[in-house]
Amino acid sequence: MRKVLTLVIISVFILIVVNLKNFKDIIVFHEVKIKLSKLSLFKKKITKISVINNKNTSKNYLLRSLNIENINEFSNYNRNKIKKKLEQINEIDSFMFELKENGHLIINIIEKKPIMVWINNGKRNYIDGDGLILKYSKVNDQNLIEVFGDKSLINFKKLTALFNNRKEFTSSVKQIEVKNDGSWLFIMKDNKCVNLLTKKLDKVLNIFEDIKMLEIYDNFSYFDMRIYERIYLSNKQCSI
């Protein structure tokens, strides 16, 4: 009887140990399964791409900048990589994006607004508030100031600083020509023009703003202020 009891106790012990080991194996397997499922979230494939609100920027240009223009060749979805790439695209002011469960990547962007259009050999190039060219395919630019001149002569940062600091003055400007002699010719919306050097720009523009308040402004169309503290007035036709 004692031997039988001992045998039963040993059998029960062995059964408990085996079941405990199986339970641990189940737990380990479950943990591995969870880790694999989490890992799979970072390996989702992009099956479709939609870009929203790209009114001026072509979708192809944006996808080339993101290196995902060919979905079939694109690697696994990497949120941080896409975020970094979007931040590097100068034409984008802000953005949001998400990858749907079905692999549909949706990118919603807000584009930068150009503050002027530089016309070079008939081609229209749009300039942002930092003086950089925006690679826009098309823009409704009826109210943008047109800038003419060779790229080597134009200091876009200086022009954008003028636009930002003298909004009232620039709102009355229609066209600007940057000339070889270092002067800027402003064609105003009232078809008058002022030609001036960029040296002491603020002081010269202050004088011109004072002249606009006088009756003499209505009697002339051309104001040559390239020599500081001197003004040459004429009715020369204003054109570029």
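Conventions and cut-offs
Residues numbered from 1 in each chain as written. Predicted model: local features only at pLDDT ≥ 70, side-chain atom pairs only at ≥ 80, totals over all residues. Heavy atoms only, no water. Disulfide = S-S within 2.5 Å. Helix = DSSP H or I, 4+ residues; strand = E, 2+ residues; numbered from the N terminus. Buried < 20%, exposed > 50% of the residue type's maximum accessible area, 1.4 Å probe, protein only. Polar contact = N/O pair within 3.5 Å; in protein donor to acceptor, adjacent residues only side chain to side chain. Contact = heavy atoms within 4.5 Å. Salt bridge = Lys/Arg side-chain N within 4 Å of Asp/Glu carboxyl O. Core = buried A, V, L, I, M, F, W, Y, C linked by side-chain atoms within 4.5 Å. Pairing = 2+ DSSP bridges. Axes fitted to C-alpha atoms, helices over the stretch in contact; angles between N-to-C directions.

**Student:** Which residues make up the state of the cysteines, and what are the values?
**Tutor:** Tallied over the entire structure, the rule returns 1 disulfide. One disulfide bridge connects C193 with C238, the sulfur atoms lying 2.1 Å from each other. Handedness of the C193-C238 disulfide follows from its S-S torsion of about -75°: it is left-handed. Pair noted here: C193 is in strand 10 (residues 193-197) and C238 is in the segment after strand 12 (232-234), with a separation of 45 residues, a long-range link. In this pair, the class of C193 matches that of C238, namely buried.

**Student:** Quick one: what's the story with the side chain of S183, residue by residue and with numbers?
**Tutor:** Within the secondary structure, S183 is located in strand 9 (residues 183-188). You can call S183 buried: its relative accessible area is 0%. A polar side-chain atom of S183 sits 2.6 Å from a polar atom in the side chain of D181. Apart from the residues lying within four places of it in its own chain, the contact partners of S183 are E177, V178, N195, L196, L197 and R226.

**Student:** Tell me about the pattern of salt bridges, and name the residues and values.
**Tutor:** Counted according to the given criterion, the structure contains 7 salt bridges. The closest approach of N and O atoms between K83 and E87, which form a salt bridge, is 2.7 Å. One end of the pair is K83 and the other is E87, both in helix 3 (residues 79-87) and 4 residues apart, which spans about a single turn. On the basis of relative accessibility, which here comes to 37%, the residue K83 falls in the partly exposed class. The network of salt bridges with common partners includes D181, D224 and R226.

**Student:** Can you break down the nonpolar core residue by residue, with the values?
**Tutor:** Ranked by size, the top nonpolar core spans 27 residues in total, and within it V147, L159, I176, F186, L196 and F208 carry the most contacts. Counting only elements with at least two residues in this core, the list comes to strand 4 (116-120), strand 7 (145-148), helix 4 (156-165), strand 8 (173-178), strand 9, strand 10, helix 6 (201-212) and strand 11 (222-225). When neighbours within four sequence positions are excluded, F208 is seen to be in contact with F169, M188, V194, Y217, F223 and M225. Within the second largest apolar cluster, 18 residues are counted, among which are I46, Y77, L86 and F97.

**Student:** Residue-level account of the sheet that holds strand 9, with values.
**Tutor:** With respect to topology, 9 strands assemble into an open sheet ordered 6-5-4-7-8-9-10-11-12, the strand pairing being mixed. Each edge of the open sheet is held by one strand with a lone partner, namely strand 6 (133-134) and strand 12. The pairing of strand 9 with strand 10 spans 5 bridges and is classified as antiparallel. From the neighbouring strand, S183 faces strand 10, where its bridge partner is L197. The sheet contacts of helix 4 involve strand 4, strand 5 (123-127), strand 7, strand 8 and strand 9, and relative to strand 4 the element is tilted by about 145°.

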